[in-house]
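Residue-level structural notes
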Amino acid sequence: MSNFASKRVVVTGTGLVSPLGATTNLSWERLIRGESGIRALLPEMYGDTPVKIGGRVPNIEEDAEGGLDLDKFIPLKEQKKGDRFIHLALVAAEEALQQAGLLTLSEEEKLNVATIIATGIGGFHAITNAVNTVSEKGSKRMSPFTVPSFIANLAAAQVSIKYGFKGISGTPVSACAASVQAIGDGFKTIMTEDVDIAVVGGSESCINAVSLGGFNAARALTIGFNDAPEKASRPFDAQRSGFVMSEGAGVLVLEELEHAKRRGATILAEVKGYGTTSDAWHITAGPEDGEGAARAMSGALKKAEMRPEEIDYINAHSTSTPVGDKAEIFALKTVFGDNRPFISSTKSATGHMLGAAGAAGAIFSIKALNESLVPASLNIEEVDEDAQTLNIVKEGAKKAALSTAMVNGFGFGGVNASVIFSKYQD
């Protein structure tokens, strides 16, 4: 292990299961083509709520090219023992670990692998099903796997158990900033602990009548595009009216640079800096000026020893809510001033994956760095008046030489997190 002062942390694998597709590459290809993963929901998913659309991960029957064949990854008997957020995390982790070439570690090496997988809510389906069971049939009819199905840390635990990783385990449960914090925690763990590898990211699956009803009651969801789902998620657009609930999982393999080089790993990007703050303001809304978000971005820049003008691309948190987008717009202006990095919100194509959103944004940003291609924000018919001085990419992906990218994640309770990646240079 190298000394802290000389340590560098790199990314050697990614795995993504999103409404756009069940792999990283397919999700990216469809994103760049300007496709949307938002579609109509089945009636049993939304009940009596007015929200009839969402970002579901397609199954193999719906999408022969890129749908998720869960039986291929998890036997049906085992599926019944865990909530869907756990299943999605396991699928994403397998893709990331395969790409990183880490499926054959020795028992000694596994002692130094951390597993830090976040979620915003955890096993919401398992919780609601358990409540229904108790209400309709009594508690004696509950499964012994009920609690292990919904506890938030069980996605990380199941990945750890499957692969035998015995290092630090963690689960940020910090709303929509959770998986950015998971990446940051993995980064710090490698920098400061005897850990060579950190499997990090987030997973979420909570599209049902309870969650949709709750977020709708909070006036956070859009209900104006039930007849045109692909147009519903519209960050930065003047007519945005709320976010689209989505599910998915994103996992990244972080690794200490010298360890990665010794084993001949392909290095996808380098983690340069991380910042996280609290607004201490309100349970659902941040301050209009985005002060806490600005401090998170500034903190990431300080850790990276970078200036604002050195950031080429920002994968914005912007979800399509009027209040949240506005706060981030003002935060971006505060931090970047007259600098004009490219900005887009990939949630315009995926919807908002809550606790998995930041990991998805990070994976898309790493793809952008490696392919010199900035994904566009969809559905911008008129840029919000407050955002018109920002360099928001719309009307198709843009070729550009990119060296650095910042990913933002902000959540209920006033939690803010930002992480910076760069192209790897020896």
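This one's a predicted model, so the numbers in the text were calculated from it and none came from an experiment. (Residues numbered from 1 in each chain as written. Predicted model: local features only at pLDDT ≥ 70, side-chain atom pairs only at ≥ 80, totals over all residues. Heavy atoms only, no water.)

**What about the pairing of strand 6 (residues 197-204)?**
Summarising burial for strand 6: 8 of the 8 residues are buried, a large majority. Pairing of strand 6 with strand 7 (residues 248-256) involves 8 bridges; the strand directions are antiparallel. Among the inter-strand pairings, Val-200 is bridged to a residue of strand 7, identified as Leu-252. (Buried < 20%, exposed > 50% of the residue type's maximum accessible area, 1.4 Å probe, protein only. Helix = DSSP H or I, 4+ residues; strand = E, 2+ residues; numbered from the N terminus. Pairing = 2+ DSSP bridges.)

**Regarding helix 14 (residues 322-336)**
Counted at 1.5 Å a residue, the expected span for helix 14 with its 15 residues is 21 Å, and the 21 Å between its end C-alpha atoms agrees. All buried positions along helix 14 are accounted for by Asp-325, Ala-327, Glu-328, Ile-329, Ala-331, Leu-332, Val-335 and Phe-336. Once helix 14 ends, the next one or two residues include Gly-337, with phi positive near 50 degrees. (Expected span 1.5 Å × (residues − 1).)

**Observations concerning the packing of aromatic side chains**
Inspection of every chain in the model, using the stated rule, returns 4 aromatic pairs. Consider the rings of Phe-215 and Phe-243, whose centres lie 5.5 Å apart with planes at 75 degrees: the pair is edge-to-face. Taken together, the residues Phe-215 in helix 11 (residues 209-217) and Phe-243 in the loop between helix 11 and strand 7 connect sequence positions 28 residues apart. As far as burial versus exposure is concerned, Phe-215 and Phe-243 are alike and both buried. Taking the centre distance of 6.0 Å and the plane angle of 45 degrees together, the rings of Phe-215 and Phe-412 count as tilted. With a gap of 197 residues between them, Phe-215 in helix 11 and Phe-412 in the loop between strand 14 (404-411) and strand 15 (415-422) connect regions that are remote in the sequence. Of the residues examined, Phe-215 reaches a relative accessible area of 16% and is grouped as buried. Judged by its relative accessible area of 37%, Phe-412 falls in the partly exposed class. (Phe/Tyr/Trp six-rings, centres within 6.5 Å; stacked < 30°, edge-to-face > 60°.)

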